[in-house]
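Okay, here's what each chain looks like letter by letter:
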Amino acid sequence: MPTKINALNTPVYVIDEGRIKHNLEILKGVEERTGCHILLAQKAFSAFALYPLIGSYISGATASGLYEARLAHEEMTTGRHENHVFEPAFTDAEMAEIVTICDHISFNSLRQLEHHRPAWEKAGVSVGIRINPEHSTQDHAIYDPCAPGSRLGVRRCDMPDHLPAGVEGIHFHTLCEQGAEPLAETVRVVEEKFGPLLREAKWINLGGGHHITRDDYNLPLLEETIRHLKDTYDAEIYLEPGEAFALNAGYLVTTVMDIVDNTLPILILDASAACHMPDVLEMPYRPPLKDSGMPNEKAYTCRLGSRTCLSGDIIGDYSFDTMPAIGDRLYFEDMAIYSMVKNNTFNGMPLPDIAIMDENGDCRVIRHFDYHDFKERLS
Ligand SMILES: *Cc1c(COP(=O)(O)O)cnc(C)c1O
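Residues numbered from 1 in each chain as written. Predicted model: local features only at pLDDT ≥ 70, side-chain atom pairs only at ≥ 80, totals over all residues. Heavy atoms only, no water.

Novice: Looking at this structure, I do not really get the site of the ligand. What am I missing?
Specialist: In the region of the ligand, 13 residues are neighbours, and K43, G209, E240, G242 and Y338 sit closest. Between the ligand and G242 there is a distance of 2.8 Å, counted from an oxygen atom to a backbone nitrogen or oxygen. The contact in question runs from an oxygen atom of the ligand to an N or O atom on the side chain of Y338, over 2.8 Å. Calculation on the ligand without its partners gives an accessible area of 380 Å², and the protein chains cover 87% of this total. In the shell around the ligand, the residues fall into 4 nonpolar, 5 polar and 4 charged. (Near = heavy atom within 4 Å. Polar contact = N/O pair within 3.5 Å; in protein donor to acceptor, adjacent residues only side chain to side chain. Areas by Shrake-Rupley, 256 points an atom, 1.4 Å probe, with all protein chains shown as cover. Nonpolar A, V, L, I, M, F, W, Y, C, P; charged D, E, K, R; others polar.)

As structure tokens, then:
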């Protein structure tokens, strides 16, 4: 039975299908105008109920390992549905399965590439090697694969002068939530350092971290960069964004369960930063909250905390026009990316339900979690 968002049980993640379609239109436009291929990086968004829709707009999916690859193989069956994978190391057993379900594999080292050569050669899978351009365009060290000491990608000094026999692709991933300008800059560095190898490649994968669906994203520069690579090296160009697919396309709805006082009013919510939006503590960042302001911007400033035992399970300080009351609902925005995929049941917290909201605002709960989802992982 369809329900409106304000009548769903909380906590609940609500995926906004209209916003997903809006993002898909933009991504498909880039594919159509440049001839490139865009893949969903599932690590940011794996709500597979939407894979048939996503697959009908773009070229396929990419995975961080066997399980995500298998998920795409099973659930993304519409459209071109290419299935790519990159992981720093694969076991032999994983590789045996991967070569039966993936069409492209990117390796992180020459040793892994050679170790698995018999498997991928026999299966006829197209393989690539991830390079490290050693050119940082961001300051966030934990999200910077180009930082000194990075284990991700082969540096120019460790690459041979020609691609190893049978290798068809070059993969690099260096961005995180960035625009087309740092991509263009990185491409210039990659051409300078790896130009002769690009000429030998059949495909070049520009990784993820492209915030293509953000309002201020420089689409013309992205498209110029893709066309330049495609024409110069006569190669297929892949992009594998994750966030861009579901940017601003989801909410986490929570209810105020209690209000305690210590220096300022502290709302106790049925949602948790530690369990339900871990990037708030890990990144860290301040999630947007509907109808709220920065501390002291509006009349009532409150701290938003969870009902776990962790002192630091605080989402942040927000201000409101009217003082929130017990039983009120709050709507955290931009919650479709990296929240559902990273949630956990620390403290035995229930996992939020997952609902999809259609373009009329009707919501269907597609997944409900209970005690068994907590227990089953523990013994
Ligand atoms: C994380 C990652 C992506 C997706 O990144 P987004 O920031 O979600 O766009 C794509 N490819 C690789 C190799 C990654 O590690």
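Once the structure has been displayed, the description carries forward.
Novice: Help me understand the environment of S126, please; the structure alone is not making it clear to me.
Specialist: Turning to its location among the elements, S126 is positioned in strand β6 (residues 126–132). On the basis of relative accessibility, which here comes to 11%, the residue S126 falls in the buried class. Separated by 106 residues in the primary sequence, S126 and T232 have C-alpha atoms spaced 21 Å apart. For S126, the residues in contact, after removing those within four places along its chain, are D103, H104, I105, E168 and W203. (Helix = DSSP H or I, 4+ residues; strand = E, 2+ residues; numbered from the N terminus. Buried < 20%, exposed > 50% of the residue type's maximum accessible area, 1.4 Å probe, protein only. Contact = heavy atoms within 4.5 Å.)

Novice: Sorry if this is basic, but what is going on with the packing of helix α1 (residues 17–34) against helix α8 (residues 219–233) here?
Specialist: A packed helix pair is summarised by two numbers, namely the angle formed by the two axes and the spacing between the axes. For the pair α1 and α8, the least separation of the axes is 10 Å and the interaxial angle reads 40°. On the basis of the axis angle, α1 is oblique to α8. Between α1 and α8 lies a crossing whose hand is right-handed. The residues of α8 that touch α1, namely those facing I26, V30, R33 and T34, are L219, L222, E223, I226, R227 and K230. (Axes fitted to C-alpha atoms, helices over the stretch in contact; angles between N-to-C directions. Parallel < 35°, antiparallel > 145°, perpendicular 65-115°, else oblique. Left-handed = near helix turned anticlockwise from the far one by under 90°.)

Novice: Whenever I open this one, the packing of helix α7 (residues 180–200) against α8 confuses me. Can you help?
Specialist: Running from N to C, α7 and α8 cross one another at 5°; their axes reach a closest spacing of 10 Å. Taken as axis vectors, α7 and α8 run roughly parallel relative to one another. From α7, A180, E181, L183, A184, V187, E191, G195, L198 and R199 reach across to α8, where they touch L221, L222, T225, H228, L229, T232 and Y233.

Novice: I tried to follow the pairing of strand β13 (residues 300–306) on my own but got confused; where do I start?
Specialist: Along any regular strand the residues' side chains alternate between the sheet's two faces. By the criterion of burial, β13 is predominantly enclosed, with 5 of the 7 residues buried. In this structure, strand β12 (residues 264–269) lies alongside β13, joined through 4 bridges in parallel fashion. Its bridge partner being in β13, I268 is matched across the sheet by G305. (Pairing = 2+ DSSP bridges.)

Novice: Quick question: what am I supposed to make of α1 here?
Specialist: Residues separated by three or four positions in an α-helix point in the same direction, a consequence of the helix having 3.6 residues per turn. Given a rise of 1.5 Å per residue, 18 residues ought to cover 26 Å, and the 26 Å separating the end C-alpha atoms of α1 matches this to within 8%. Of all the residues in α1, the buried ones are E17, I20, N23, L24, L27, G29, V30, E31 and T34. Between the side-chain oxygen of the N-cap and the backbone nitrogen of G18 there are 3.2 Å, and the N-cap of α1 in question is D16. Remark: G35 follows α1 within two positions and exhibits a positive phi of approximately 80°. (Expected span 1.5 Å × (residues − 1).)

Novice: Sorry, what's going on with the pattern of salt bridges here?
Specialist: Two side chains that carry opposite charge are able to pair once their charged atoms sit near each other. A complete count under the given rule lists 19 salt bridges for this structure. Here K21 and E359 are joined by a salt bridge, their closest N and O atoms 2.9 Å apart. Here the residue K21 occupies a position in helix α1, and E359 occupies one in the loop between β16 (353–357) and β17 (363–367), the gap between them amounting to 338 residues. For D291, the salt bridge identified is with K290, shortest N-O distance 3.4 Å. In this structure D291 comes out as exposed when scored by relative accessible area, which is 58%. Looking at K290, the relative accessible area reads 43%, which means it is partly exposed. Counted as one network, the salt bridges with shared partners bring together R33, E223 and R227. (Salt bridge = Lys/Arg side-chain N within 4 Å of Asp/Glu carboxyl O.)

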